[in-house]
Amino acid sequence: VAKAPSVESAADARADADDLVERLREDVARAVRNVCPDWLVDAADDLTQIATARVLDRIRATAGTVTFSAGYVYRAAYSVLIDEIRKRRRLREVPIASDLVVPSGGADPERQATGRAIREAIADCLSRVILSRRRAVMLYLQGHSFAEIADLLSCAKKKAENLVYRGLADVRACLTAKGIAP
Amino acid sequence: VTHEDPSRLARAFRDAGVDARPREDCPDPDRIWAAVRLELPLDERLAIIDHTSTCPVCAEAWRIAMALRQGDAGGRAWWTRRHAGVPEWALAAAAALLLVVGGAFALHLWQRTNDPVIPTPRATAAALKDGKGRVFLNAKGVESLPALPQEDRRRIESALLALRLAASRISTEPGVPGGALMGTGGGERFGVVAPVGTAVESDRPTFRWQPLKGARGYRVFVSEPAAGYREVRESPETQATTWNASEPLARGHTYVWQVVARTRTGEVKAPAPDEPEARFNVLEQERADALAQARERYAGRRLVLGLLYYDAGVIDRAREELEAFVADNPTSPEARSLLEPFQGPARRLP
């Protein structure tokens, strides 16, 4: 006796959902590992679990009657993940100024302090760049390509390239003035 | 230390957020996600980009959104699909032509009617009636007047996205040709009506089914798939075509139900054993309470309520509200498109 089509499609739907959630789990874990600082990477499993569990809850709440697209599932997981990261950042004990040089993972305190000074200098220099260039540089430093920057800023690719190069030159000049030079 | 190498500069920039804390003005994660995917209008997108340039926490959230777009099929394609095969000058020329033609047409209309132009928040949005309020519904989302609280807005945007992007497959009502939940037996057919393929707010839902000619009585059986289809409720025999669960069902659980008609020649079941199950889920108390509050807060606002119901999985109530919203805006294709996922026969019902 042939299996009823509806049963087959139900099984297919379950398999699709399982595949999607598994892919989501891997991608969330990878994103946390690649993007977040070490102290958050240590909690990557927890963060992944929380983000995917919320999505699974939502899928279950519909009693299996709605097939969610990958776009929707990823967006929902992302929202939960960022809320959780923000919560953990709020709860994290921020070291007071003198603690900033406390080594972690065997790092040299002096080097850590230098690293912090460089980060602050970059932030300061970036804030001094004119707005249109700053946006382009910021997106570039985030890892976007010129084409993507053009899309995000709604301008031509050539203009995006110019904004990035000029903005980077501004940042470099500012850093050099602060004594941070090759 | 060198800053000539942009990759080092980028690393230093990214490291800036190691101890950073979120700020009061950090945008909702959904908005960052939408900005990365070009789903926000330019002004809002730029506002978020400006924020991320001074907020390492949101810069990190931005990078996570970038990383996740690789795995999301919808997101993976958009960078490359937007201009695929079309030179930028052609896009620019088309846009300019559209502006000129559109502008001329708008001027022509204005000159003909001489009506005052009512400004809308978004030129491309359709202004629609939603109870006493107005909404601007466009391809990207909903803007409401008056503005909604952030949590409700998030849920509404989420539901709208699900309605539009998800390949929703909602069970059809019995009686619809091709409907999946018609019972069979000895040539006689009848079907279950509700709840089917939806979450329910009450923990004592009302079960409804179609009458079967010649039936002497009906009995309802409710079982729980997660517990190996253990039967959790059974009705006494009734001649009515509705039954209320005598005892509350557990909230947060998913159930399957079936009605068995006793006839002169035997029993007829709906849905039949070889048909998709009639499933429903009983909402968690917290979610049911939130919906009750929303009903008071947004009384008469059909779109808002419909999307909040949809987000909670209360599909039948969502459909009722959205149908009423369409009835209030009968000429709007944007409104009608919201009902598309509810149409057509059931194709997937685990």
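Keep in mind the model is a prediction, meaning the values are calculated, not measured.

1. Quick word on the overall build of chain B
Secondary structure summary: chain B contains 11 helices and 12 strands in total. The 350 residues of chain B split such that 48% are buried. For chain B, restricting intrachain contacts to residue pairs at least 6 apart in sequence, the fraction spanning at least 24 positions comes to 60%. Carbon and sulfur atoms provide 53% of the accessible area of chain B, an area that totals close to 17,100 Å².

2. Describing the nonpolar core
In this structure, Tyr-78 of chain A together with Trp-62 and Ile-64 of chain B are the most contacted members of the largest nonpolar core, which totals 70 residues. The element contributing the most residues to this core is helix H4 (residues 70-91) of chain A, with 9 residues. If we ignore the near neighbours within four places in the chain, the residues touching Trp-62 of chain B are Tyr-78, Leu-139, Gln-142, His-144 and Leu-152 of chain A together with Ile-32, Ala-35, Val-36, Ile-48, Ile-49 and Thr-52 of chain B. Tyr-298, Leu-305, Leu-308 and Leu-339 of chain B belong to the second-largest nonpolar core, a separate cluster that totals 30 residues.

3. So, the confidence of the model for chain B
All names here are of chain B. Model confidence for chain B is summarised by a mean pLDDT of 74, while 68% of its residues fall at 70 or above. Contacts of residues 166-180 to residues separated by more than four positions or lying in other chains number 43 contacts, the stretch itself having pLDDT below 50. A low-confidence stretch, residues 345-350 stays under pLDDT 50, and its non-local contacts, those more than four residues away or across chains, total 28 contacts. Two summary scores accompany this predicted model of the complex, namely pTM at 0.47 and ipTM at 0.82.

4. A few points about the side chain of Thr-238 of chain B
All names here are of chain B. When you line up the elements, Thr-238 lands in the loop between strand E8 (230-234) and strand E9 (242-244). Within the structure, the side chain of Thr-238 is placed 3.0 Å from the backbone nitrogen of Ala-240, a separation counted as a polar contact. Not counting residues up to four positions away in its chain, the partners in contact with Thr-238 are Trp-209, Gly-217 and Tyr-218.

5. Some points on unusual backbone geometry
All names here are of chain B. In the segment running from Ala-194 into Pro-195, the intervening peptide bond is cis, with an omega of 0°. Of note, Pro-195 is situated in the loop between strand E4 (192-194) and strand E5 (198-200). Phi at Leu-38 takes a positive value of approximately 60°, unusual for a residue other than glycine. Inspection of the secondary structure puts Leu-38 in the loop between helix H2 (29-36) and helix H3 (42-54). Using a relative accessible area of 12% as the deciding quantity, one classes Leu-38 as buried.

Each value, and the rule that gives it
Residues numbered from 1 in each chain as written. Chains lettered and ligands numbered in written order. Predicted model: local features only at pLDDT ≥ 70, side-chain atom pairs only at ≥ 80, totals over all residues. Heavy atoms only, no water. Helix = DSSP H or I, 4+ residues; strand = E, 2+ residues; numbered from the N terminus. Buried < 20%, exposed > 50% of the residue type's maximum accessible area, 1.4 Å probe, protein only. Contact = heavy atoms within 4.5 Å. Areas by Shrake-Rupley, 256 points an atom, 1.4 Å probe, with all protein chains shown as cover. Core = buried A, V, L, I, M, F, W, Y, C linked by side-chain atoms within 4.5 Å. pLDDT = per-residue confidence, 0-100. Polar contact = N/O pair within 3.5 Å; in protein donor to acceptor, adjacent residues only side chain to side chain.

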